[in-house]
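# Residue-level structure breakdown
Now for the letters of each chain:
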Amino acid sequence: MAGKTVIVHSNDVHGAIAGYANIAALAAEYESQGAKVIVADAGDFSQGKVEVSSNKGLNAVKMMNAAGYDIATLGNHEFDYGYAQLKENLKEATFSTICCNILDENGKPAFEGSKVFDIDGLKIGFIGVNTPESQTKANPALIKGLTWLAGADMVKAVQAEADKLKADGTDVIVVLSHLGVDSESEPNRSTDLWAGLTGVDFIIDGHSHSVMEKGDNNEPIQSTGTAFASIGVIVIDDATKKIESNSLFEIKEDTAKDATVAAAAQKIIDRIDKEYGAVFAKSEVVLNGAKAPNGNRDSETNNGDLITDAMVWKILQDKESLTVDADHVVAVTNGGGIRKAINPGDLTKKSINEVLPFGNTVVTIYITGAELL
């Protein structure tokens, strides 16, 4: 691998912190073969499992530091704990964070839009972009003042960064995008972005949890799935200054791990298991954790029913403050907030947190039946 530069990348890790030992080991393996290595992430690293949500995403940043990440863009879930918390977490980061389409309350870029790595004269530029869906997938009160450029404006923002990098003599330009390819994300998908760009060589994508080495129309877009199902690999030839290959490296039970990174992850996992691992109930059935079809985003499910029944039960504990009869209490929850199934067997606080990882609160409002409809 001498004379090659390799980008190894992840996306949508969602708290699967044991996998950081795999990406660290893979990076080290390429380096041992003579390659120069850049480690990158396309967002959604700070939410999804108790291991990272227990301290509002900070553990994810610490694990990325341990694994030797060089650069990352932001996913929508980085904003779950609020912009202020995100900025505090990123103060601990030893990697760079880039995103060009988020503006602050003054209309200025909230983050650096791009970064260039000069590796023995080979200039590799990264541009970050975050899904505009973050505006509605995060608590509006916690991201107040931020604005997301979307559609054509988002494309223009990325193109402006690409033009700047080209003007500075950057050889290879890679977009780190947390956009995804789901039809519901149109016109803000990575494929939409690619169609509007010139001068960009590759897109490392996240958000839709897709496992893909190229787009449906052969666009140079790669995504690794979620939770370290695989690690993305992009090989650049230093002499020609061109991308010569891209692929996905599947993670298996016996895949090599960096011992130091694995120990750091295990320390967090053991603490969470001790704190959240006590059994308090049993389930006799599978509680549906699917998205769609026949899941929590398009159907009635037993998991959704259990959660909303629990919400009604909780509100009815305080009958004295209710101003309506008990049979007029209705619970509504967001199907996208139900993230995992529960299998028959023991239930722990950890398993409940994996089903409902976002730390939402129950709020009571009074509306008419017409307003509800």
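The paragraphs below set out a description of the structure included in this document.

Reading guide: rules and limits
Residues numbered from 1 in each chain as written. Predicted model: local features only at pLDDT ≥ 70, side-chain atom pairs only at ≥ 80, totals over all residues. Heavy atoms only, no water. Phe/Tyr/Trp six-rings, centres within 6.5 Å; stacked < 30°, edge-to-face > 60°. Helix = DSSP H or I, 4+ residues; strand = E, 2+ residues; numbered from the N terminus. Buried < 20%, exposed > 50% of the residue type's maximum accessible area, 1.4 Å probe, protein only. Lys NZ or Arg CZ within 6 Å of the ring centre and 35° of its normal. Pairing = 2+ DSSP bridges. Contact = heavy atoms within 4.5 Å. Polar contact = N/O pair within 3.5 Å; in protein donor to acceptor, adjacent residues only side chain to side chain. Patch = residues over 30% accessible without salt bridge, like charges linked within 9 Å, V, L, I, M, F, W, Y side chains within 5 Å. Areas by Shrake-Rupley, 256 points an atom, 1.4 Å probe, with all protein chains shown as cover. Salt bridge = Lys/Arg side-chain N within 4 Å of Asp/Glu carboxyl O. Core = buried A, V, L, I, M, F, W, Y, C linked by side-chain atoms within 4.5 Å.

## Some details on the packing of aromatic side chains
- In total, this model carries 6 aromatic pairs according to the counting rule given.
- Here Tyr83 and Phe111 contribute two aromatic rings whose centre-to-centre distance is 6.0 Å and whose plane-to-plane angle is 75 degrees, an arrangement assigned as edge-to-face. Here Tyr83, found in helix α4 (residues 83–90), pairs with Phe111, found in the loop between β5 (102–103) and β6 (114–119); they are 28 residues apart in sequence, far enough to count as distant.
- You can call Phe111 buried: its relative accessible area is 12%.
- Between Phe117 and Phe126, the aromatic rings sit 5.7 Å apart at their centres with planes inclined by 90 degrees, giving edge-to-face as the arrangement. Exposure class is identical for Phe117 and Phe126. Each is buried.
- Every member of this aromatic cluster is reached through a ring pair, and the members are Tyr20, Tyr69 and Phe228.
- Taking NZ or CZ as reference, Lys115 lies 5.4 Å from the ring centre of Phe117, over its face.

## Considerations on the sheet that holds strand β4 (residues 96–97)
- Ordered by their spatial adjacency, 6 strands build an open sheet running β4-β3-β2-β1-β13-β14, and the pairing between neighbours is mixed. On the outer flanks of this sheet lie β4 and β14 (242–250), each paired with one strand and no other.
- Here strand β13 (residues 230–237) runs beside β14; their pairing, made up of 8 bridges, is antiparallel. Paired with Ile231 across the strands is Phe249, a residue of β14.

## Some thoughts on the environment of Thr348
- Secondary-structure assignment places Thr348 in strand β16 (residues 345–348).
- For Thr348, a relative accessible area of 14% gives the class buried.
- Remark: the alpha-carbon pair of Thr348 and Lys62, spanning 286 residues in sequence, is separated by 26 Å.
- Apart from the residues lying within four places of it in its own chain, the contact partners of Thr348 are Tyr276, Gly277, Ala278, Val279 and Phe280.

## Topic: the side chain of Asp237
- Mapped onto the elements of the fold, Asp237 is located in strand β13.
- Assessed through its relative accessible area of 12%, Asp237 is described here as buried.
- Of note is the side chain of Asp237, whose polar atom sits 3.3 Å from the backbone nitrogen of Ala239.

## Brief notes about a nonpolar patch on the surface
- The grouping of Val330, Val332, Val363, Ile365, Ile367 and Leu372 at the surface amounts to a nonpolar patch, some 620 Å² of accessible area in total.
- Looking at the secondary structure, you find Leu372 in helix α11 (residues 369–372).
- Here Leu372 falls in the partly exposed class, since its relative accessible area comes to 47%.

## So, the nonpolar core
- By size, the foremost hydrophobic cluster in this structure holds 51 residues, and its most contacted members are Val8, Tyr20, Ile23, Tyr69, Phe79 and Phe111.
- Secondary-structure elements contributing two or more residues to this core are β1 (4–10), α1 (20–32), β2 (36–41), α2 (50–53), α3 (58–67), α4, β13 and α8 (259–276).
- Ignoring any residue separated from it by four or fewer positions in sequence, one finds Phe79 in contact with Leu74, Leu86, Ile102, Phe111, Asn130, Ala138, Ile143, Leu146 and Trp148.
- If you look at the next biggest cluster of nonpolar residues, it comprises 20 residues, including Val129, Ile173, Leu197 and Val200.

## Let's talk about unusual backbone geometry
- Residue Glu186 is joined to Pro187 through a cis peptide bond whose omega torsion reads 10 degrees.
- Following the sequence through the fold, Pro187 ends up in the loop between β9 (172–178) and α7 (190–196).
- Omega for the peptide link from Ala292 to Pro293 comes to -5 degrees, which places this bond in the cis form.
- One can find Pro293 in the loop between β15 (279–283) and α9 (302–316).
- In this structure, Asp12 is a non-glycine residue whose phi angle is positive, near 50 degrees.
- Considering the arrangement of structural elements, one finds Asp12 in the loop between β1 and α1.
- Although it is not a glycine, Phe228 sits at a positive phi angle of roughly 60 degrees.
- Relative to the helices and strands, Phe228 is located in the loop between β12 (221–224) and β13.

## Quick look at the pairing of β12
- Taking every second residue as pointing to the same face, both faces of β12 are buried, with Ile221 and Ser223 on one and Gln222 and Thr224 on the other.
- Relative to β12, strand β10 (residues 202–206) runs parallel, the two being bridged by 2 bridges. Looking at β12, one finds that Ile204 is bridged to Gln222.
- The pairing of strand β11 (residues 211–212) with β12 spans 2 bridges and is antiparallel. The partner of Val211 across the bridge, within β12, is Thr224.

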